[in-house]
Amino acid sequence: EMEAKYTRKMQALRDEMDLRRKTEIHELEERKNTQISELMGNHEGAFGAIKNYYNDITAKNLTLISLLKEQVEDLKKKEAVLEKEKADVLRENKELTEPLQEAQELVAELQKKLVHYYRDKEALMNCKAHLKITQKELKDLQWEHEVLEQRFSQVQEERDELYQKFTKAINEVQQRTGFKNLLLERKLQGLLGLLEQKEVELSEVMAASNFDPSALSLVSHKLEDVLSSKNATIQDLQLQLARVCKAHNDMLQTFKAKLTAFGIPLDNLGFQPLSLPFPGQ
């Protein structure tokens, strides 16, 4: 009976526990389904939000990629332009290198000139200091110059007077020398002509007369003596002529030296002095 009793209780308890279990399971399933529904709803919302977020990001990235592509194209174009400009700048730089070097050399030269300018400026100040002293000396020299000009005028008058006297003396000496030379030359020519005439006459006389050899020898010796005497006379005349020519030339040299000493050009004489040749030239 107790076994049957407890069996019944066990069965009742089992049924109760089964019912409770089923109820709890049903409630648990309902809560689970509710949570699943909520989770699915939440997940769908989150997925939609994430999807929208990533869609926005993808759209933005695509827009950014397109923009970057355009920027890359622009940068490539700018790079090409810059390369061209770079080539132009390099060419201009190469062309400007030589003028730059010349400009640098000019700057260096100008710097040297600037140093010289400061030196010249200092020297100029010193010169200005000396200028006042020099001006005073200049006034003194001007006064001395006026005195010297008066003296120079007197010396010029004396020089002109001496020049006139000297020119007159030269003319007189030239006239006397020329006349004397002409007389000597004419006398010499006359003697030579007379000698030739005597020789011809002697030859004719000797040819016309039949002198014996001794007489002819005597005449020949006398003739040689006469010729020797005449030759000595001719040599004496030539010597006198050479002395006169030398005196004339010495006088001309002295005259030129005096003109040079007085500062008178030889072209101002008004005539060309004749330099007489020596006999035999």
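Relevant structure appears above.
First things first, this report covers the structure right here in the doc. (Residues numbered from 1 in each chain as written. Predicted model: local features only at pLDDT ≥ 70, side-chain atom pairs only at ≥ 80, totals over all residues. Heavy atoms only, no water.)

## A short note on the overall build of the chain
And then number 1: For the chain, the helix and strand inventory stands at two helices and zero strands.
And then number 2: For the chain, the proportion of its 281 residues judged to be buried stands at 9%.
And then number 3: Within the chain, contacts between residues separated by at least 24 positions form 83% of all contacts whose residues are at least 6 apart in sequence.
And then number 4: Summed over all atoms, the accessible surface of the chain reaches about 24200 Å², with 58% contributed by carbon and sulfur. (Helix = DSSP H or I, 4+ residues; strand = E, 2+ residues; numbered from the N terminus. Buried < 20%, exposed > 50% of the residue type's maximum accessible area, 1.4 Å probe, protein only. Contact = heavy atoms within 4.5 Å. Areas by Shrake-Rupley, 256 points an atom, 1.4 Å probe, with all protein chains shown as cover.)

## Considerations on the pattern of salt bridges
And then number 1: For the structure shown, the criterion picks out six salt bridges.
And then number 2: The partner of Arg20 in a salt bridge is Glu16, with the nearest N and O atoms 3.4 Å apart. One end of the pair, Arg20, and the other, Glu16, are both in helix α1 (residues 2–208), four residues apart, so they sit about a helical turn from each other.
And then number 3: Here Arg20 falls in the partly exposed class, since its relative accessible area comes to 43%. (Salt bridge = Lys/Arg side-chain N within 4 Å of Asp/Glu carboxyl O.)

## Quick word on the packing of aromatic side chains
And then number 1: For the structure shown, the criterion picks out two aromatic pairs.
And then number 2: Pairing Tyr53 with Tyr54 gives two aromatic rings, centres 5.3 Å apart and planes at 75 degrees, and the pair type is edge-to-face.
And then number 3: A centroid spacing of 5.7 Å and a plane angle of 55 degrees characterise the contact between Tyr117 and Tyr118, whose relative ring orientation is tilted.
And then number 4: Tyr117 sits in the partly exposed class, given a relative accessible area of 44%.
And then number 5: Stacked on the ring of Tyr6, the Lys or Arg Lys9 has its end atom at 5.3 Å from the ring centre. (Phe/Tyr/Trp six-rings, centres within 6.5 Å; stacked < 30°, edge-to-face > 60°. Lys NZ or Arg CZ within 6 Å of the ring centre and 35° of its normal.)

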